[in-house]
Amino acid sequence: MAIHPVPQARKTDPPSAVDGPWRDPSLSPETRVADLSARMTLEEKAAQLYGIWVGADAEGDGVAPHQNDMVDPVDFEDITTRGLGQLTRPFGTAPVDPGVGAVSLARAQARIVEAGRFGIPAVAHEECLAGFTAWGATAYPVPLAWGAAWDPELVAEMAHRIGSDMRSVGIHQGLAPVLDVVRDLRWGRVEETIGEDPYLVATVATAYVKGLESAGIVATLKHFAGYSASAGARNLSPVRAGAREMADVILPPFEMAVREGGARSVMHSYAEIDGVPVAADPSLLTGLLRDTWGFSGTVVADYFGIGFLETLHRVAENRGDAARLALTAGVDIELPTVRSYGDALVAAVRDGSVTEELVDRALHRVLLQKCELGLLDPGRQPLPAVLKGVDPEQARGTVDLDPPQNRALARLLAERSCVLLSNPGGALPLSGTGRIAVVGPRADDPLAMLGCYSFPSHVGVQHPEAPMGIVIPTVLEALREEFPGAGIDYAQGCDVDGTDAGGIGAATALAAGADVCVAVLGDRAGLFGRGTSGEGCDVADLALPGLQGELLDALLATGTPVVLVLLTGRTYALGGRADRLAGCVQAFFPGEEGGPALAGVLSGRVNPSGRLPVGVPRGTGGQPWTYLQPPLGLANGVSNLDPTPLYPFGHGLSYTSFAWEADADVPAELPTDGEAELAVTVRNTGDHDGAEVVQLYVHDPVAQTTRPEVRLIGYARVPLAAGESRRVSFRFHPDLVSFTGTGGRRIVEPGDLELRFAASSDAADVKHTVRLRLTGPERTVGHRRRMVCDTSVDAPLAQK
């Protein structure tokens, strides 16, 4: 049994008057919050520190881990008399028309205002990982597709649209983005990540944060930290990452999103790192996040994460003890519903096991954010003017969360995220004539386009009686529209993960009689084992799910050219088959417009420009592995296992060709605190308009700790018309090559470096190498260091 010191509770009687300076918007937020918090009873303070989840079902299939075990009944009318911190997922719990939902949410807020002494609304939060997770809202590509697009500006635009839609119906906070760096492709949540490189993850995620925050929505970084490094790729499994892996791989994306992105909320991860659950770790949630990085927003619990301190981690004796640990660590808000921060916390303060100062610290942060959102202001308007005074049913059909401009943006991001892995014989683009056999379990299913946090996959599958709410063309439908002159026939072949091989013969016969076969294979997104990809859908190896590998082998045996299209949430092993394919296109759950985007790539209407955010493995085993390997992590003579990927991080082909020419005027030496401009000119030497992704990697030949063979430190997406060229400049600062040295400090070390301009992380794709020697003293760099390699792309030069 754990034994804890018993601090004394602070006994104060708050002023009875409700009105006061806290209502005056002309005063500073600090002044207003100090006045308000002093007027609150302990019960009212605690009520601001938790959410409630109206409509959450303790039966059936949950959307959060252990939901059925952790949801307690809540009396809305009774609990709101104390006030309320948060409302959990008013749109993302069940299918609800957006107009009806907006009016219903406003009415719920009005009841909260009327019930409590202070009349303070709750913060309403929703998931928004691949779009607003609401019925009828645009389903954008998943984060792994954002990484494949290598286009932060486009991701920021998408996030702004998502935030604007959420704001329009009364939502204040979005639980996104995910900044976990992929460490093992078998992990089910790979689809929710941006990739295996911390710089790519950091820059793309920070762009998303800026976009969401620009729409007035509080962006919530998750999952802080270490979650993706779980042992054996098992969801919620212990994390045994070392200090350097944490400092140099796991943490930098969060740091950038806090410092550069202005994120106003952070969600703790479920992870335990070296035996300490993050929800109970003050060194991470307070020492690093607040004291070092200067974060001043709110820390929210991942769903039931505080309760898990008691039930799963077993570091807390009871609910009150879990509240003590979490508050001490720095968790301000319990989500999704009250368990430890309600009566159990009040009792713990009253008996002296939790100090009221901890409650006050969290309350201060929560009320400051509510003040920032205008929730303490008199005369606030919870509804858009068009819905004021409208009954819920009258509002049906009045709010469009999937307008044409959203769909156009979803299409553009889907197009830019498609990766052409191979095209050995030039079979792509397809001619669009003759007979095309479309085969595979992902060819004619709209859900094939969506990840596990898109509403139809996340919630809609539990409500089969409800319409999908958005139009999602399948690959088959899109190909028929793209190629009206071709004869297109379809056979499923097999299920995504079933064991019935009965359909493979018919699919093979169809392919044998066609001029070309398009095999559409991949994942079904789901939750907790209900899919082949998604939260709680971890895999033992990286073989294609179910009988899909067997189906592909049968198709290849026909002799008909086979173009493989993969719709997945991770990459799968293609070694042994790749050299027999006529072409291969990888898409990561590309959203509602993914079908037309893929059809455009197959027809040539879209020139693919996506690049891999994670490598494609050659064999089904060999995990965990990413490209960030020191020499002994690469293929070598001391092991018979070769982990080299079939297609490396950063790889992607085009229907055109590019030539690169580097500037010669680069200094041979640079001080460890200096700066230099590196540039390369890229020319489109082919006949098609296209886009190249210029990637800048560092290779450190000798360092005081082992270093990755190469590591991404900059990139730029460069659109080029046929024959056009552009100069691309990178502002290099030595801070970008800093790392954690032997003393545990982040340093810039003098010595030789190689800066490599490349088309991927593979040495064979290096176009130019800049050799540079850093001179001067070793520098210790802190959290004010330069984190972004600024790039600029000049206007196009004259065409040939």
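Above: the structure in question.
Let me sum up the structure you'll find in this document.

The rules we used
- Residues numbered from 1 in each chain as written.
- Predicted model: local features only at pLDDT ≥ 70, side-chain atom pairs only at ≥ 80, totals over all residues.
- Heavy atoms only, no water.
- Axes fitted to C-alpha atoms, helices over the stretch in contact; angles between N-to-C directions.
- Helix = DSSP H or I, 4+ residues; strand = E, 2+ residues; numbered from the N terminus.
- Left-handed = near helix turned anticlockwise from the far one by under 90°.
- Contact = heavy atoms within 4.5 Å.
- Nonpolar A, V, L, I, M, F, W, Y, C, P; charged D, E, K, R; others polar.
- Buried < 20%, exposed > 50% of the residue type's maximum accessible area, 1.4 Å probe, protein only.
- Polar contact = N/O pair within 3.5 Å; in protein donor to acceptor, adjacent residues only side chain to side chain.
- Phe/Tyr/Trp six-rings, centres within 6.5 Å; stacked < 30°, edge-to-face > 60°.

## Focus on the packing of helix H7 (residues 152-168) against helix H8 (residues 198-214)
Then, in step 1: The contact between H7 and H8 brings their axes to 7 Å, and the two run at 35°. The two elements H7 and H8 meet at a crossing, and its hand is right-handed. Note on element contacts: H8 touches H7 through Thr-203, Val-204, Ala-207, Tyr-208, Gly-211, Leu-212 and Ser-214, opposite Pro-152, Val-155, Ala-156, Met-158, Ala-159, His-160, Ile-162 and Gly-163.
Then, in step 2: Here the residues of the contact of H7 with H8 sort into ten nonpolar, five polar and no charged.

## With respect to the environment of Ser-230
Then, in step 1: Positionally, Ser-230 belongs in the loop between strand E5 (218-224) and helix H9 (243-250).
Then, in step 2: In this structure Ser-230 comes out as buried when scored by relative accessible area, which is 6%.
Then, in step 3: A C-alpha to C-alpha distance of 31 Å links Ser-230 and Ala-94, two positions 136 residues apart in sequence.
Then, in step 4: Separated by 3.1 Å, the side chain of Ser-230 and the backbone oxygen of Arg-234 make a polar contact.

## Regarding the packing of aromatic side chains
Then, in step 1: Taken as a whole, this structure holds 15 aromatic pairs when the rule is applied.
Then, in step 2: Ring geometry for Phe-91 versus Phe-132: centroids 5.6 Å apart, planes at 65°, classification edge-to-face. Note that Phe-91 is positioned in the loop between strand E2 (86-88) and helix H5 (98-115) and Phe-132 in the loop between strand E3 (123-127) and helix H6 (143-149), a separation of 41 residues in sequence. Take Phe-91 and Phe-132: they sit in the same class, and that class is buried.
Then, in step 3: When the ring of Trp-150 is compared with that of Phe-649, the centres are 5.5 Å apart and the planes differ by 50°; the resulting orientation is tilted. One end of the pair, Trp-150, is in the loop between H6 and H7; the other, Phe-649, is in the loop between helix H21 (594-603) and strand E16 (658-662), and 499 residues separate them in sequence.
Then, in step 4: Its relative accessible area of 1% is what places Trp-150 among the buried residues.

## Considering helix H20 (residues 548-556)
Then, in step 1: Of all the nine residues making up H20, seven are buried; the element is thus mostly covered by neighbouring parts of the structure.
Then, in step 2: Residues of H20 that are buried: Gln-548, Gly-549, Leu-551, Leu-552, Ala-554, Leu-555 and Leu-556.
Then, in step 3: Against strand E11 (435-439), helix H19 (504-512), strand E13 (516-522) and strand E14 (562-568) lie the buried residues of H20.

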